[in-house]
Amino acid sequence: MTKTREKEPGERATVHALLDTHGQTYAAEAGIRLRDTPQPLYQLLVLADLLSARIRASVAVSTARALADAGLRDPRRMADASWRERVDALGEGGYRRYDERTATQLGDGAELLRDRYGGDLRRMRREADGDVKKLRALLQEVPGLGPTGADIFLREVQRVWPEFAPYLDAKALRGAERLGLPDRPERLARLVPTEETAALAAGLVRAALDASVVDDVRERAAA
């Protein structure tokens, strides 16, 4: 118990440094003003799909912006757009490696969401009824959204769906390990207010992906 109390101030300094410099959520980076309303929730789902491919996060973020700029902000508009319109918007964002397959998946996914949930992901939330495993499974029924995409969505959506917090998946925990932070979600979550868990998750993922983030956070925490 004493060791835990001794370590906590250092852990909090690390977390504060991480949030201050690398804690922007990917939704915010993509210009999505996340709220518990249909359009931003759908935009987050699209972003999660884009981020789940083996492509730079910056490209996925710029592509999410390009799709929004093209007016493809909700399932109806995405489903009604032609395949070529979706391909062109993906290309505009720089998402060229997977553009044809992703254009098809976005169309199919939009049709599923429109037909099954009336285009409103809050209905999926209600169906999951607070069960994160069920929600993760439901998300993976959307074409193109596999386990990685579901994890990305859940890491970000916990900010407005707090019943699923703390959601800190294996990638976030890998970042925590690299920073010398606790490797259990519940212990990590105690270091921040609930509303900041999504930002913490985003920062931890950046630490997992980029060694320079780890070095920067350690330097700032020690200052």
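Residues numbered from 1 in each chain as written. Predicted model: local features only at pLDDT ≥ 70, side-chain atom pairs only at ≥ 80, totals over all residues. Heavy atoms only, no water.

**Topic: the packing of aromatic side chains**
This structure, assessed with the given rule, holds three aromatic pairs. Relative to Trp161, the ring of Phe153 lies with its centre 5.9 Å away and its plane at 70 degrees, an arrangement referred to as edge-to-face. Accessibility assignment for this pair places Phe153 and Trp161 in one class, buried. Linked through ring pairs, Phe153, Trp161 and Phe164 together constitute an aromatic cluster. Positioned above the aromatic ring of Tyr26 is the side chain of Arg206, whose terminal nitrogen or guanidinium carbon lies 4.3 Å from the ring centre. (Phe/Tyr/Trp six-rings, centres within 6.5 Å; stacked < 30°, edge-to-face > 60°. Buried < 20%, exposed > 50% of the residue type's maximum accessible area, 1.4 Å probe, protein only. Lys NZ or Arg CZ within 6 Å of the ring centre and 35° of its normal.)

**Focus on the side chain of Arg125**
Here Arg125 shows up in helix H8 (residues 121–128). The residues contacting Arg125, other than those within four sequence positions of it, are Asp36, Gly130, Val160, Trp161, Pro162, Glu163 and Phe164. (Helix = DSSP H or I, 4+ residues; strand = E, 2+ residues; numbered from the N terminus. Contact = heavy atoms within 4.5 Å.)

**What about the side chain of Arg206?**
Mapped onto the elements, Arg206 comes out in helix H13 (residues 197–209). We classify Arg206 as buried; its relative accessible area is 14%. A polar atom in the side chain of Arg206 sits 2.9 Å from the side chain of Glu29. When neighbours within four sequence positions are excluded, Arg206 is seen to be in contact with His22, Gly23, Gln24, Thr25, Tyr26, Glu29 and Val213. (Polar contact = N/O pair within 3.5 Å; in protein donor to acceptor, adjacent residues only side chain to side chain.)

**Quick look at helix H6 (residues 83–92)**
Burial in H6 covers these residues: Arg86, Val87, Ala89, Leu90 and Gly91. Where H6 is buried, its residues touch helix H3 (38–51), helix H4 (57–69), helix H5 (75–80) and helix H7 (99–117). Once H6 finishes, Gly94 follows within two positions and takes phi at roughly 95 degrees, a positive value.

**Some details on the packing of helix H9 (residues 132–139) against helix H10 (residues 147–157)**
Running from N to C, H9 and H10 cross one another at 125 degrees; their axes reach a closest spacing of 9 Å. With respect to their mutual orientation, H9 and H10 come out oblique. Where H9 crosses over H10, the handedness of that crossing is right-handed. Every residue of H10 that contacts H9 at Val132, Leu135, Arg136 and Leu139 is listed here: Pro147, Ala150, Asp151, Phe153 and Leu154. In terms of residue class, the contact of H9 with H10 is built from seven nonpolar, no polar and two charged. (Axes fitted to C-alpha atoms, helices over the stretch in contact; angles between N-to-C directions. Parallel < 35°, antiparallel > 145°, perpendicular 65-115°, else oblique. Left-handed = near helix turned anticlockwise from the far one by under 90°. Nonpolar A, V, L, I, M, F, W, Y, C, P; charged D, E, K, R; others polar.)

**What to know about the pattern of salt bridges**
One pass over the structure, following the stated rule, counts 14 salt bridges. Residues Arg116 and Glu141 are paired through a salt bridge, measuring 2.3 Å at the closest nitrogen-oxygen approach. Residue Arg116 is located in helix H7, and its partner Glu141 is located in the loop between H9 and H10; the two are separated by 25 residues in the primary sequence. Assessed through its relative accessible area of 45%, Arg116 is described here as partly exposed. Note that Arg155 is salt-bridged to Asp169, the shortest N-O span being 2.8 Å. Of this pair, Arg155 sits in helix H10 while Asp169 is found in the loop between H10 and helix H11 (170–178), placing the two residues 14 residues apart along the sequence. Classification of Asp169 by relative accessible area gives buried; the value is 9%. Counted as one network, the salt bridges with shared partners bring together Arg76, Asp80, Arg114 and Asp115. (Salt bridge = Lys/Arg side-chain N within 4 Å of Asp/Glu carboxyl O.)

**So, the confidence of the model for the chain**
When pLDDT is averaged across the chain, the result is 94; 96% of the residues are at 70 or more. Overall, residues 1–6 carries pLDDT values under 50, and its contacts beyond four positions in sequence, including any with other chains, amount to one contact. (pLDDT = per-residue confidence, 0-100.)

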